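Chain residues, written in single-letter form:
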Amino acid sequence: MKSLAELQQLRDQISQQVVLRKDREDGIRVVVGMATCGIAAGARPVMSAFLNEVSKRKLSDVTVTQTGCIGMCRLEPIVEIYMPGEEKVTYVKMNEEKVARIVAEHIINKKPVAEYTVGAVQE
Amino acid sequence: MKELSLHILDIVQNSVKAKADKIDIIINENIKDNLLEITISDNGCGMSEDFLKTVKDPFSTTRTTRKVGMGISLFEAAAIQSGGHLDIKSKLGQGTTLYVCFMHNSIDRAPIGNMIDTMITIILSAPEIQYVYKHCKNEKEFVFDTDVIKQSLGDIPITTPEILEWIKGYMQEGLASL
Ligand SMILES: Nc1ncnc2c1ncn2[C@@H]1O[C@H](COP(=O)(O)OP(=O)(O)OP(=O)(O)O)[C@@H](O)[C@H]1O
Ligand code: FES
Ligand SMILES: [Mg+2]
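Nothing here was measured: the structure is a model prediction, and the numbers come from that model.

Participant: I tried to follow the overall build of chain B on my own but got confused; where do I start?
Facilitator: Scanning chain B from terminus to terminus reveals six helices and six strands. In sequence order, the secondary structure elements of chain B are arranged as α-β-β-α-α-β-β-α-β-β-α-α. Computed over C-alpha atoms, the radius of gyration of chain B comes to 16 Å, within 12% of the 16 Å expected from 2.2 N^0.38 for 178 residues, which places it in the range of a compact globule. Dimensions of chain B along its principal axes, counting C-alpha atoms only, are 45 × 40 × 25 Å.

See the structure below:
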């Protein structure tokens, strides 16, 4: 059974790493739209998929956060990715399969997946 | 919405927007009385009496990006469709309590769904808030309180990926024991 004592052990194990991770304003930000229409369209599993990839691949410079309405209901779930020194990239109609590709190609290899972006959909 | 846990996620966002610093989520499954109850209460800004009268109407919203607010009316529709109802109490400056009930065995009732992902999502959306999630099933209960977790964490943020993973496992065990 998991106990709070176990949690304290875990805390001690990671305290070193976390100190290093702090104050990283230069990191990559993944922002998921989590307003009502986003949630109804599947934003929660998309966010969970990003979290899982970040944990699994130990991407310590990536933070996953949320925002409210992005203002394009019919294109939800919407995800914005901010890389230091780059223009924001907006991905639309997201799902879990798209997440895996975006993490591998955009976040790790720095090449946005053009076909999933808002620009590709609106053309 | 496909899961009640998604409605809960959405309703909690209202409490976050209302600047609550404590949000309580109670799920009560009472199989004997064929009842499923969900209560979400917060200590946020609350609503005036006049606004409260119209709040279930999709056309009452304080949001500025579109003219309809759907969260509460969608949740109410889900309740009514499965033999239940939704009720809101609120006091300006004190907070809001939203209560929803369902017939537990109604075939039109969406499943509770993944409460663990809902909790992880709301923790990430506003980590400074204290969330207390209590799930009762017949005689048993599981309580998850982010302040208790934070006390064990000291200055390590609750949003640290390894900590969130631990919380998932902790909740999985707790909910499975019900
Ligand atoms: N917990 C709360 N505390 C204070 N005000 C609330 C609370 N919940 C809802 N409200 C008020 O009721 C309005 C309607 O809520 P509802 O969730 O139905 O729609 P919304 O949040 O405006 O938009 P949507 O949920 O579609 O994104 C909100 O705009 C807000 O003014
Ligand atoms: S209301 Fe749908 S994206 Fe904001
Ligand atoms: Mg809402």
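Participant: Help me understand the interface of chain A and chain B, please; the structure alone is not making it clear to me.
Facilitator: A common way to state how big an interface is: give the accessible area lost once the parts meet. Each partner contributes to the interface: chain A provides 31 residues, whereas chain B provides 38 residues. A buried area of about 3000 Å², summed over both sides, lies between chain A and chain B, and 65% of it is on carbon and sulfur atoms. In this structure, the connection of chain A to chain B is made through one salt bridge. With a closest N to O distance of 2.7 Å, E3 of chain B and R44 of chain A form a salt bridge. Along the contact surface separating chain A from chain B lie 12 residue pairs in polar contact (both at pLDDT 80 or more). Secondary-structure elements contributing two or more residues to the side of chain A that touches chain B are α1 (4-21), α2 (36-41), α3 (43-56) and β2 (62-67) of chain A. Residue contributions to the side of chain A that touches chain B peak at 11 residues, all from α1 of chain A.

Participant: For this particular structure, what's the right way to read the packing of α3 of chain A against helix α4 (residues 96-108) of chain A?
Facilitator: Packed helices, taken two at a time, are described by the angle between their axes plus the distance between the axes. All names here are of chain A. Their axes nearest at 9 Å, the elements α3 and α4 cross at an angle of 40°. Here α3 lies oblique to α4, going by the angle between them. Between α3 and α4 the crossing geometry is right-handed. Taken together, the residues of α4 that come into contact with α3 (itself represented by P45, V46, A49, F50 and E53) are E96, V99, A100, I102, V103 and I107. Its residues placed into classes, the contact of α3 with α4 shows nine nonpolar, no polar and two charged.

Participant: Sorry, what's going on with the site of ligand 1 here?
Facilitator: Within the structure, ligand 1 sits among 20 residues, and T36 of chain A together with T61, T62, R63 and M70 of chain B are positioned closest to it. Ligand 1 sits at a junction of chains, with neighbouring residues supplied by chains A and B. Between ligand 1 and T36 of chain A there is a distance of 2.6 Å, counted from an oxygen atom to a side-chain nitrogen or oxygen. N14 of chain B places a side-chain nitrogen or oxygen 2.8 Å from an oxygen atom of ligand 1. Alone, ligand 1 offers 600 Å² of accessible surface; in the complex the protein occludes 93% of this.

Procedures and definitions
- By convention here, each chain's residues receive numbers from 1 onward along its written sequence.
- Chains carry letters from A onward and ligands carry numbers from 1 onward, assigned in written order.
- Predicted model: local features are reported for residues with pLDDT of at least 70 only, side-chain atom pairs are reported and counted for 80 or more only, and whole-chain, interface and lining totals are derived from all residues.
- Excluded from the side-chain calculation are hydrogens and water; included are all heavy atoms of the structure.
- Secondary structure is summarised from DSSP: a helix means a run of H or I of at least four residues, a strand means a run of E of at least two, and numbering begins at the N terminus for each.
- For a compact globule the rule gives 2.2 Å times the number of residues to the power 0.38, and the radius of gyration it is set against comes from C-alpha atoms.
- Every residue pair with non-hydrogen atoms within 4.5 Å of one another is taken to be in contact.
- What gets called buried area is simply the loss in accessible area from a 1.4 Å probe that two parts show on being joined, summed for both.
- Criterion for a salt bridge: a side-chain nitrogen of Lys or Arg within 4 Å of a carboxyl oxygen of Asp or Glu.
- N or O atoms closer than or at 3.5 Å make up a polar contact, with two conditions inside protein: a donor-capable atom paired with an acceptor-capable one, and, for residues adjacent in sequence, both atoms drawn from side chains.
- Working convention: axes come from line fits to C-alpha atoms, limited for helices to the stretch in contact. Angles between N-to-C directions cover 0 to 180 degrees.
- Should an angle fall under 35 degrees it is called roughly parallel, over 145 degrees roughly antiparallel, and 65 to 115 degrees roughly perpendicular, with every other angle called oblique.
- Here a crossing is taken to be left-handed if its near helix is turned anticlockwise relative to the far helix by less than a right angle, and right-handed if that turn runs clockwise.
- Note on residue categories: nonpolar means Ala, Val, Leu, Ile, Met, Phe, Trp, Tyr, Cys or Pro, charged means Asp, Glu, Lys or Arg, and polar means any other residue, Gly included.
- Proximity is defined per residue: if any heavy atom of the residue lies within 4 Å of a molecule or strand, that residue is considered near it.
- Method for areas: the Shrake-Rupley scheme with a 1.4 Å probe, in which residue coverage is limited to the protein chains shown.

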